[in-house]
Amino acid sequence: MLRKIRIILAAVFFIAITVMFLDPTGSVYKCFGWTAKLQFLPAVMGLNLVVIIITVIAALLFGRVYCSVICPLGVLQDVISNISGRRKGKKNRFTSSKEIKWLRYGVWVLFVAAIIFGVNAFVTVLAPYSAYGRIINGMKHPAIPTVIVAAVTLVVIAILSWKNGRTYCNTICPVGTTLSFFSRFAMFRPVIDTEKCKDCKVCEKRCKASCIDIAAHKVDYSRCVACFNCIDNCKFDALHYRFAWGKCSKAEAPAKAAEGEGADTGRRAFMTGTALAIGAAALKAQEVPKRDGGFAEILPKVSPERTELITPFGSKSVKDFYNRCTACQLCVSQCPNHILKPSTDLNHFMQPYMTYENGYCRPECTICSQVCPAGAIEPLTKEEKTSFHIGVAVLDRRLCVAHTDHIDCGNCARHCPTGAITMVTHHEGLPLIPAVDEAKCIGCGACENLCPARPISAIHVNGLSVHKQD
Amino acid sequence: MENKNISRRDFLKDVGIGTVALGAAAAGCAPKGSHKDDSQAGKMELRTNPATGDKVSLLGYGCMRWRMKRDENGRQVIDQENVNELVDYAMSYGVNYYDTSPAYLQGQSELAAGIALSRYPRKDYYIATKLSNFGVFSRQGTQDMYYKSFEQLQTDYFDYYLLHAIGRGGIPAFNERYVDNDIMSFLLAEREAGRIKQLGFSFHGMQNDFDDLMKLYDKYHWDFVQIEMNYMDWKHADPRQNTNAAYLYEELDKREIPITVMEPLLGGRLARVPENVSNLMKTRDPDASVASWAFRFVGSHPRVLTALSGMTYMENLVENVNTFSDFKPMNEEELEFMDQLAGLMAEYPMINCNNCQYCMPCPYGVDIPGIFMHYNSIVTEGKMPLSKDQREFRKLRRNYLTTYSKAIESLRQADHCIGCHQCIEHCPQSISIPEELQRIDQYIEKLKQDTL
């Protein structure tokens, strides 16, 4: 019974999160957004105390139910393990094993240190929910770096769960280890009734966490993920999920490292665009017969060299953003304007940055701030959004079609949502050229994206390391 | 292939045939024979050119709107197989006037028409092509264009030859393209030599531009004139840019100059009209298609030699052949009815774009006609979101934005128009293209930001 409830709940979370990531309409998050908000590591990074406390209390009460229900990577492992177990003779394939303490706590200590010292790549790669997000988003938007990282994660997870069930959760996963500090004191837990137990070891062989030792009639509650397989499979009614407070050896009370001082080092190394100004040249035909129809070939835009990264409206500062982001890719998958991309730079590995080659940050859109479970992008209203400044546009006059090719343009000024760009006289009798009022520019990138100069826009946005608010 | 014991050879043969049929179906048409039955066609209406005795079919084929497909290099090319099928059908039902230009369909129209038509005896069809020397004004360049048309069309004479789209810019523009470079006297000599049977021009412009060209009649003796004529342009041409067809028709009729008609259907806009208009049509005659009203209107004017329709799909062709076979001209009362409909249509704020593609390619990649067509279709359907108080505003707004992004890829949308104005001179309708695009862009911006 308990097992069935667990499976139903897990299915709800798993499907909701997956659908939300894959959703092309940008509306599913309104129904299922909470499933992402309940994820533990993002909540810790976002100092979302309500979620942290609920998760910890749940672990203290019921054990690591979180790992069996809420965590999509955990459920994914259950799915793979389940398929593996359907093979002939593999139903009872697990064996009891000892906790690999050095690895488990070693990884955990390194992980906490990585958070404190801002080694984001290490944090994001291990974060379980984010790893799952990357796997799904890698399928939705297959870009080389994400796909490689996602594929490696998926292969490792698949091999481990295929062979030994929840190995990852009990040796590597820092969230699993964190929750284990509480679950070992859980009030409700599976308890073996030694009177009834016939030592048949079915529970032990069915325990994907390998945490039941029938020889000693002991369960390692630090590794038990409260899946209830043992209870539902015991033919002798010897296992019960019941109140068992204080019947456990004491363990050192761990202190969860909170938000660190984050040493956000180094800027992203930017590709230096070598391409020259190709301000779409006038096609004024001279002895070239005019032919009707068809489309002019349009070169794809290339990212300009930015003096500072651009991070989303609501992220407050570049440093805050990268210290909190767990690289789950939910914002990347939901951005309707395709301006968020996972970084390949080691300092921000898989964490997103903004760039305006394929679109710009539309004034009416606040989806990334609504979905971010880690508080790296804080929720905003449309009205608040335009009061923030995340970057400043700068003009490279040499690339500007008005300045260089003397073509009347002004497309940047026409589309600036804050009226920060004015067209001014540069040379008498020549087309007006744009000038940016730094104080008004919010860094949305409308000018950069809609600039006709290709492949590098004549006007581009440099991020602000600390976002300003009016 | 019902026979299970089919031999390998038979199988391959059948598959081969099936593939051809499939290809044809995908092209929006079926092989020649299959449509014969659809048409209850009697005899194609023929009009006689009094000067030459040419018996011209009242339905002419405009070779400007054939389907393009991508070749293996991703370039757009005409689907020649499709063109051949269409021409075969047209020829078999008596359509014998084919109007093309060196500029049409990215410069491929003449060649495709030449390939399709040269399979028939030259005397069985009339070729009309044009001197489309936009941007090529030199004598040499213009003559090259003229000679190339012979090659492309595989012929040694043109039945009808037009100075392409003159009128706009008045006499100075005319002089620049045809007189200063001595092309006009060259063309007159060519007519003398019989390589041009009939010399005329196609007109777009204001009334005084037309009057000026008529004044040149004594000098050049225009054999025919091509005008934009349909029940909308009859009395409701945009007064800022164009001349009412009624005026043009009358002036030409007076001089007994044969008229060839372009845009009888306004690039398809008169095949898809607002609901109140189509209701009136269907109430009057439930069996007549919306488009047939437009064609019958044009055909009902006796000075019209032929009405050109740019038929893309076999369905259009079959329908039009039906309209123009055993042709029934409109009576006075029906013409009055069309006048009423035109009045109703004029209330709809459409953009005068007929999707002729002359403005394309936009150097900045904007899909100009695509954006206008989308806008017009929203207007026609009465689905324009106007204000938040409107009934079903949210639904209309969503509809506008989703259909827009589906119809036009983001790189080609109106927000990429920089206002360089290079398109302006190519538009036969003189639409203020950049201003219209920017107006639509601002409107869409308001829709997106929900500040309407």
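All values derive from a computational prediction rather than experimental measurement.

Peer 1: What is the right way to read the interface of chain A and chain B from this model?
Peer 2: Accessible area lost when the parts come together is the quantity often used to give the size of an interface. Between chain A and chain B, the contact holds 33 residues from the first and 40 residues from the second. Around 3100 Å² of area is buried between chain A and chain B when both sides are counted, 51% of it from carbon and sulfur atoms. A salt bridge links R362 of chain A to E445 of chain B; the nearest nitrogen and oxygen atoms lie 2.9 Å apart. The interface formed by chain A and chain B contains 12 residue pairs in polar contact (both at pLDDT 80 or more). For the side of chain A that touches chain B, the secondary-structure elements that each account for two or more residues are α20 (411-415) and α21 (446-450) of chain A. The greatest single-element share of the side of chain A that touches chain B, amounting to 3 residues, is contributed by α20 of chain A.

Peer 1: Would you take a moment to explain the pattern of salt bridges for this structure?
Peer 2: As a working rule, side chains carrying opposite charge can pair if their charged atoms are close by. Residue and element names in this part refer to chain A. On inspection of all chains with the given rule, the structure shows 42 salt bridges over all chains. Across the pair E378 and R324 runs a salt bridge whose closest N-O atoms are separated by 3.3 Å. Of this pair, E378 sits in the loop between α17 (367-371) and α18 (382-385) while R324 sits in helix α15 (residues 318-324); the two residues are 54 residues apart in sequence, bridging distant segments of the chain. With a relative accessible area of 18%, R324 lands in the buried category.

Peer 1: I would appreciate a short explanation of the domain arrangement of chain A in the present structure.
Peer 2: Under the domain assignment used here, chain A contains domain 1 (2-243) and domain 2 (389-470). On a C-alpha basis, the centres of domain 1 of chain A and domain 2 of chain A stand 50 Å from each other.

Peer 1: Would you mind going over the packing of helix α1 (residues 2-22) of chain A against helix α9 (residues 128-140) of chain A with me for this structure?
Peer 2: The description of two packed helices rests on the angle between their axes and on the distance between the axes. Residues and elements named next belong to chain A. The contact between α1 and α9 brings their axes to 9 Å, and the two run at 45 degrees. Relative to α9, α1 is oriented oblique. Like other packed secondary-structure pairs, α1 and α9 cross with a definite hand, here right-handed. Together, F14, I17, T18, F21 and L22 of α1 and Y129, Y132, G133, I136 and K140 of α9 make up the contact between the two elements. Partitioning the contact of α1 with α9 into residue classes produces 7 nonpolar, 2 polar and 1 charged.

Peer 1: Please clarify how empty space enclosed by the protein should be interpreted in this entry.
Peer 2: Empty space among the atoms becomes apparent when a probe as large as a water molecule is rolled across them. What the rule picks out here adds up to 14 cavities of 30 Å³ or more. Taken as a whole, the largest cavity holds about 130 Å³ of empty space. In terms of residue class, the lining of the largest cavity is made up of 11 nonpolar, 3 polar and 2 charged.

Peer 1: What's the story with the confidence of the model for chain A in this structure? I'm lost.
Peer 2: Predicted coordinates in areas of low pLDDT are best not read in detail. Residue and element names in this part refer to chain A. Put simply, chain A has an average pLDDT of 87, and 91% of its residues get 70 or more. The secondary structure element of chain A with the lowest average pLDDT is strand β5 (residues 278-279), at 34, and the one with the highest is α21, at 97. Low confidence marks residues 248-286, where pLDDT is under 50. Its contacts with residues over four positions away, or in another chain, come to 77 contacts.

Peer 1: Teacher, can you tell me more about the domain arrangement of chain B here?
Peer 2: Residue and element names in this part refer to chain B. Taken domain by domain, chain B comprises domain 1 (19-345) and domain 2 (368-449). Computed from C-alpha atoms alone, the centre-to-centre distance between domain 1 and domain 2 is 29 Å. The partner domain 2 presents 9 residues to the 11 residues of domain 1 that form the contact. Of all residues in domain 1, R168, Q241 and R272 bury the most surface against domain 2, accounting for 45% of the area lost on that side. Where domain 1 touches domain 2, the interface holds 1 salt bridge. E381 is the partner of R272 in a salt bridge, and the nearest nitrogen-oxygen pair spans 2.3 Å. Between the two partners, domain 1 and domain 2, sit 6 residue pairs in polar contact (both at pLDDT 80 or more).

What counts, and at which threshold
Residues numbered from 1 in each chain as written. Chains lettered and ligands numbered in written order. Predicted model: local features only at pLDDT ≥ 70, side-chain atom pairs only at ≥ 80, totals over all residues. Heavy atoms only, no water. Contact = heavy atoms within 4.5 Å. Buried area = accessible area lost by both parts, 1.4 Å probe. Salt bridge = Lys/Arg side-chain N within 4 Å of Asp/Glu carboxyl O. Polar contact = N/O pair within 3.5 Å; in protein donor to acceptor, adjacent residues only side chain to side chain. Helix = DSSP H or I, 4+ residues; strand = E, 2+ residues; numbered from the N terminus. Buried < 20%, exposed > 50% of the residue type's maximum accessible area, 1.4 Å probe, protein only. Domains from an automatic or database assignment. Axes fitted to C-alpha atoms, helices over the stretch in contact; angles between N-to-C directions. Parallel < 35°, antiparallel > 145°, perpendicular 65-115°, else oblique. Left-handed = near helix turned anticlockwise from the far one by under 90°. Nonpolar A, V, L, I, M, F, W, Y, C, P; charged D, E, K, R; others polar. 1 Å grid on protein atoms, 1.4 Å probe; cavity = no way out; pocket = protein on both sides within 12 Å on 5 of 7 lines; lining within 4 Å. Points joined across faces, edges and corners; volume = space filled by probe spheres on them. pLDDT = per-residue confidence, 0-100.

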